[in-house]
Structures are given as structure tokens and as C-alpha cells.
Amino acid sequence: MSEKYERLLEYLAESDEWMTAGELADRLGVSTRSVRSYVTSVKTAAKPLEVIASSTSGYRLNREAYATFRAELRTRETEPGSPRERVHFIIRGLGDALDGLDVYDLAASMFVSESTVEADLRKVKLLVEEAGLALVRRGSMVSLAGTELNRRRLLSRIFRDESAQGFLDLENIQREFSSKNLGAFKSDLIAMLDGNGFFVNEYSINNVLLHIAIAVDRVSKKQSIDPDDGVPVSDAIRAIAAQLDGLIRSHFQAALSPRELAYLSVLLTTRVLTPGHDEPTESIAHNYLAGDDLEAMRRIARLASDEYLVDLDDEDFIVRLSLHVRNLVARAHENSYSRNPMTRSIKGSFPMIYELAVFIASQVQRREGIVINDDEIAYIALHVGSYLERTSLRDERVSCAIVCPGYYDMHVILRDKLVAELGAELQVDVVITRADVDWSALSSDIVVTTIQAPTARDNVVVIQPFLTAVDFEAIRRAIATVRRHRRRMQIKDELLQYFDERLFARNLAAPSEAEMIRTLGDAMVGIGVIDESYVEGAIERERMSSTAFTDTIAVPHAMAMSASRTAISIVINETPMAWGDNRVNVIALIAFSESGRKAFQHVFDQLVEVFSDRDDVQRIVKRAVDFPSFIDELVHVMDT
């Protein structure tokens, strides 16, 4: 399938709801006619499976059929069809053919013309050069020139590009590189590493397994990496390499050289492993960290705490993050970053935590002279988020009234079950055992009742006398609704005061993210909210990591809070514009003042949340024809 078809399926897979052709067209950046064409092509390719259901409401993925279709695609012996598939096919062939490949033979094997192969080779050249290799041409023969290590990095990259977004599939790796028993090898590897006192990063381990599978495959073809006796190997690496050697011999009946094993062990230690499992924090800091590195992270944590008014002053958190950053720096110097399958989810669901991670990453970048990409920032966000979750900075428990007419101790059993299952989320204020309830007097956030209320109320959940799984799910949905409404009400009045009719625009086009930031920033500069340095700071922040936190809104901003007052310059566009990897309808440049520092977390999170629902955004886009109607629609969305 082509890249567009795959992206269409990815978008449908992200939602359980129907998606219209218009919505899909916006996200893909194509016409609705093209969307219908893609859907038809997928349906034709998947027959007799009905992978995409169609109705007057739009399109929706049939998940079971889609899973079967993906499995069948992996097992089909098909010739490369799309330009990307052909490029990857050529690269894999060049990797195996030391003497090179003939252009005419390539064209015949892929059933395309020589001119098509020549066009593909231009794309191959770009990928090859990015990997530190060269594409050599002699007449009709093309070959790769460069080190074996860079060849493997190139193979690893194109395999990850071919894989669906998310975790690498072990079955795909096995099939591509003829590595049987990869699952069993992974289990034994994790057990070995755990026994040596390491934390294992499950998000990254499959990427290293891919490198191991490639190494075994290449060595079987007499393609080993160059020996480099000048590189010292630590005792820790040597110990891991010895155990890794035993596992590879046992599972793959292959013998790798000491240099191969050392290289793979370094990959493990810098991408997957964190030492100090079951060791006290003081011991970890002493045994694995340099004093200046730890002190630098303490300074960065203090800066982040001061900037964002959160408490990151925790030695255990700082030590663990320092260990992670040590490995991150090593990867960045090698230009070999870890993939993170959770990046999009973290950015969209926890924008403030991600923003904290961006700040930390910017400080590390500046200190180490490296570049940190989105995936690595998301790993820092995991550290920050898990720490803040553990410290429980915000108590979001929802108050609850229970209505259960008295019959023996049924109300007691009901209350105990609710507290046992949902005690961390629910606070029971009152238990009413009478049937003649004064419903209007109940002031709790939600009411859980075994009898029907006389009038329909959004916060009333009717349950069975003996709680079922369905009842618990209904209560959880009510809790989520209350929390969402509570958050929106907390910010509503504050958020609205940051908008200004002079800072509102509709259907404003710009050729790039930087130009849009400058256009919105100029409006702010014109009324004295910010100066030019803030605009440049927002562009610099954008270069670090896209501020398109969802598929609908981008929230550019500078990390310095230097505005004269907190304000938002916003544009609502009917036609979405490209922003990073997304296409957004709403761009909101936020400028925060020093006095607005306390509101930053709430405003930032809430602005992203309000504009994260595609239906809400489409309503605002269609109806917000001017500033008064924009405010009306925004209030409506926040009230629902």
C-alpha cells in the first residue's frame, strides 16, 4: 500500500467513531475525492475482508478485519509497489550485494521502467548519504560504499520506517532477518539483565533486538563490522557481552566477534538499561554518576521548578533522570536516537508535562552541545510524569452521594464495594437509605442510586443493587465527565480574559510555522504585549519540538515569561495548515508574563484540551466568523 493509504488506516485506527471524508481529507492534506479513492483501493486490496465500513456518517475501521488484513499483508509474497517500497527494496538489495546491482535487472525484478528505477535511486541516494554511506555508480551498476556499521544502521532505519507506528513487531523482525525464537531470546535476555540489577526499558528493547537480528543475519552472510581494538571496553560492557554471547549461541547458533558483541552491549546499556535496580539512591549516585553531571541535573530541576511552579526537588527523581540523560547524551553524540512509540500520545494527552520535558531538554542541549528530538523529549516526559503522578500534586477525587433504600445491610455492602474499587477517585459524602429522596438537596458531584430519579440529571448514575462491571464503567465515565467539567470551569473565566479582539484572525495563511508565529507575534508587538525577542524565542522553541500537541491545534510560545501581560493571539482557519507532522485549524501564540506564571500550567493544559476534540473544533471553525462569535462558541464548548 502507498504511504497515503497507510496514513488513512492509521487515522481510522486512532478513533472508534465515524470519520467523514472531509475530516480525513483535512488530516491527509488531500481532497475528499482522493480519500474516497484511497478507501476504494484498500477495500479492493482487502477483499473479501471488509476492513473499512462506510455509511452516511463516514468511515470506520473494522478492527478484527484490519488485524487479519495486516497479518495477511505480512505473509504475502508481493513485489514492491509504492515508491517507498521500491526504495527500501533497492536498499536491502544493495546491502546484500557487495558487487552492486544492475539497474536493468532491478527494473525487471520490480516490473517497472528503467526511468522509474533512476528516480528511485535519487531517493535512495538521500537516505544512503544520511546514514554516512555513498551510492557509487559505474555504468548500469550501482553499489554502496561505506562501513558495515553504517549499512546496518541504514537497514535498521528502513525497517522501522516500514513498520506500523508503535512498538516494533517481533514477528516482522523474525521474518525479515530469518531470526527464529526471537521471543524466547527476548525473555531470556530480560531475565539475564534483571538478574544483573538493571531496569529494562520495554519501549526500546525491541529496537535493540532488531540490531541483534541484523547482526546475526549479516554475520551469516560474512559481513562483520570492522574490528576497532583502539576503543576501550569497560568491565561492565565486557560482562554483558559475555552473557549476550551465550544467549546468541544458544538461540541462534551463531558466533559473533568480540567487537560485534561489545557494540551490541553498548546499544543495550545506552538505549535499554538503567543500572541500580534495588540499590539505594545514594549508592546509585556514587556508583554510576559523575558529580558534575548530578549537580547539573539538580540545577536544571531547580530552574524547571521555578519556571513552572512544580516541585521537582527530589533526589531519587533527579538521580534516575540523570542516569537517563547520561545515556541520552551518548546516543545524541552518535546521532542514534531511541524511538518512542508513545510520543504522539504523550504530547496530546499531557501537554504541560511534555512542555516541562522540552524545558529540561533545552537545558541539556545547551550544556552538552547536542540535539534532542521529540522521541527523546517524550522519554524525559515519562520520567517527569511518573514522578508527578507519584507525588499526587493534585487531589482530583470526586464527591459522591449514594442512594440505596435500606434493606438489611445492602447500602453498607454497596458503599464498601465502591470505596474498594474507586476509593482513589471517589469520596463518598453521604449514604441515603430512604426512598423519598429530596434530589434537589443533593450537592455531591455525582449521585449513585439503585432507584430511578424522578427527573433526568446528568450527574445521576443508576446502578443495580449488586454492582456489576457495567455499573463500575458507568460510574467511571461520570467521574471523568465531572473532572473534565471541573477543569474547564476552573479555567473558563481566566482563559477568556486572555483573548483580545485585536489578537483574533480568521482564515489567515502563512507559508511556514515561523512565518505564522511572526504574523501573530507582530499583532502582539503592535499593542505592547511582547517584544521581538519573544517572537524569536517562540520560533526557537518551535524548532526544538513541534507545538502541534494534537491534530487540531498548535500552541507556539517562548519558554521565557517576559510578556507585559498574559495574552493569546489566535487564528481560526477553515483550511488546515501543515504544522510539524500535523495539519491544524487553530494556531494560538501564547505570551505569558512573570505575574501569570502561576496560571501557566492550567491555561496551557486547558487550551490544548478545549481544542483537542475534533467535533468541537469544527464547530468553532464553522461558527466563529468574528471575535464575538468566537467567544460565544468557546464558552459553549467549555460549558458542555
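Scroll up a little and you will see the structure.
So, a few notes on the structure that sits alongside this text. Just so it is clear, the model here is predicted, and its values are computed rather than measured.

### Looking at the packing of helix H10 (residues 182–195) against helix H11 (residues 202–220)
Phase 1 of the analysis: One can describe the packing of H10 onto H11 by two numbers: an axis separation of 11 Å at closest approach and a directional angle of 120°. When the interaxial angle is binned, H10 and H11 end up oblique. Read as a crossing pair, H10 and H11 show a hand that is right-handed. In this structure, H10 uses Phe185, Lys186, Leu189 and Ile190 to contact H11, whose residues at the interface are Glu202, Ile205, Asn206, Leu209 and Ile212.
Phase 2 of the analysis: Of the residues contributing to the contact of H10 with H11, the split by class is six nonpolar, one polar and two charged.

### Describing helix H5 (residues 83–96)
Phase 1 of the analysis: End to end, H5 covers 20 Å across 14 residues, agreeing with the expected 20 Å (1.5 Å per residue, within 8%).
Phase 2 of the analysis: Taken as a whole, H5 has its buried residues at Arg86, Val87, His88, Ile90, Ile91, Leu94 and Gly95.

### Things to note about the sheet that holds strand E14 (residues 567–579)
Phase 1 of the analysis: Taken in spatial order, the four strands of this open sheet run E12-E14-E15-E13, and their pairing is mixed. The outermost strands of the open sheet, each flanked by one partner alone, are strand E12 (499–506) and strand E13 (553–554).
Phase 2 of the analysis: Sheet topology places E12 next to E14; four bridges connect them, and they run parallel. When the bridges of E14 are listed, Phe504 appears paired with Ile570.

### A short note on the state of the cysteines
Phase 1 of the analysis: Counted under the stated rule, the structure contains zero disulfides.
Phase 2 of the analysis: Just so you know, Cys404 is unpaired, no disulfide at all, and the nearest cysteine sulfur is the one on Cys400, 12 Å from it.
Phase 3 of the analysis: By relative accessible area, Cys404 is classed as buried at 1%.

### Notes on unusual backbone geometry
Phase 1 of the analysis: Lys47 connects to Pro48 through a cis peptide bond whose omega is 5°.
Phase 2 of the analysis: Structurally, Pro48 can be placed in the loop between helix H3 (32–46) and strand E1 (52–55).

### Section: the nonpolar core
Phase 1 of the analysis: Counting residues in each nonpolar core, the largest one holds 77 residues, and the members touching the most others are Phe499, Ile570, Leu607, Phe611 and Phe630.
Phase 2 of the analysis: Tallying contributions element by element places helix H18 (residues 351–368) first for this core, with 10 residues.
Phase 3 of the analysis: Judged by nonpolar contacts, the second largest core, of 60 residues, contains Val128, Phe159, Ala241 and Leu267.

### Details of the pairing of strand E4 (residues 134–138)
Phase 1 of the analysis: Taken together, the five bridges between E4 and strand E5 (residues 141–145) define a ladder with antiparallel strand orientation. The residue bridging Ala134 from the neighbouring strand is Ala145, located in E5.

### A word on the side chain of Thr552
Phase 1 of the analysis: Summarising the element assignment, Thr552 is placed in the loop between helix H23 (532–544) and E13.
Phase 2 of the analysis: Note on Thr552: relative accessible area 1%, which makes it buried.
Phase 3 of the analysis: Reaching out from Thr552, the side chain makes a polar contact with the backbone oxygen of Phe611 at a distance of 2.3 Å.
Phase 4 of the analysis: With residues near it in sequence (within four places) discarded, Thr552 still touches Val584, Asn585, Val586, Phe611, Ser612, Arg614 and Val617.

### With respect to the side chain of Arg271
Phase 1 of the analysis: Relative to the helices and strands, Arg271 is located in helix H13 (residues 258–271).
Phase 2 of the analysis: It turns out Arg271 is buried and unbridged, and the closest side chain with the opposite charge, Glu376, is 7.1 Å from it.
Phase 3 of the analysis: Aside from chain neighbours lying at most four places away, what touches Arg271 is Asn201, Ser204, Val208, His211, Arg331, Ser336, Tyr337 and Ser338.

### Some words on the pattern of salt bridges
Phase 1 of the analysis: Taken as a whole and assessed by the stated rule, the structure comprises 34 salt bridges.
Phase 2 of the analysis: The shortest N-O distance in the salt bridge between Glu130 and Arg157 comes to 2.4 Å. Separated by 27 residues along the polypeptide, Glu130 in helix H7 (residues 114–130) and Arg157 in helix H8 (residues 148–162) bring together distant segments of the chain.
Phase 3 of the analysis: Given the relative accessible area of 28%, Arg157 is considered partly exposed.
Phase 4 of the analysis: In this structure, a network of salt bridges that share partners links the residues Asp96, Glu148, Arg152, Asp217, Arg218, Lys221 and Glu260.

Quick notes on the rules
Residues numbered from 1 in each chain as written. Predicted model: local features only at pLDDT ≥ 70, side-chain atom pairs only at ≥ 80, totals over all residues. Heavy atoms only, no water. Axes fitted to C-alpha atoms, helices over the stretch in contact; angles between N-to-C directions. Helix = DSSP H or I, 4+ residues; strand = E, 2+ residues; numbered from the N terminus. Parallel < 35°, antiparallel > 145°, perpendicular 65-115°, else oblique. Left-handed = near helix turned anticlockwise from the far one by under 90°. Contact = heavy atoms within 4.5 Å. Nonpolar A, V, L, I, M, F, W, Y, C, P; charged D, E, K, R; others polar. Expected span 1.5 Å × (residues − 1). Buried < 20%, exposed > 50% of the residue type's maximum accessible area, 1.4 Å probe, protein only. Pairing = 2+ DSSP bridges. Disulfide = S-S within 2.5 Å. Core = buried A, V, L, I, M, F, W, Y, C linked by side-chain atoms within 4.5 Å. Polar contact = N/O pair within 3.5 Å; in protein donor to acceptor, adjacent residues only side chain to side chain. Lys, Arg positive; Asp, Glu negative; His and termini not counted. Salt bridge = Lys/Arg side-chain N within 4 Å of Asp/Glu carboxyl O.

Note that every value here comes from positions in space, so none of it alone points to a role or purpose.
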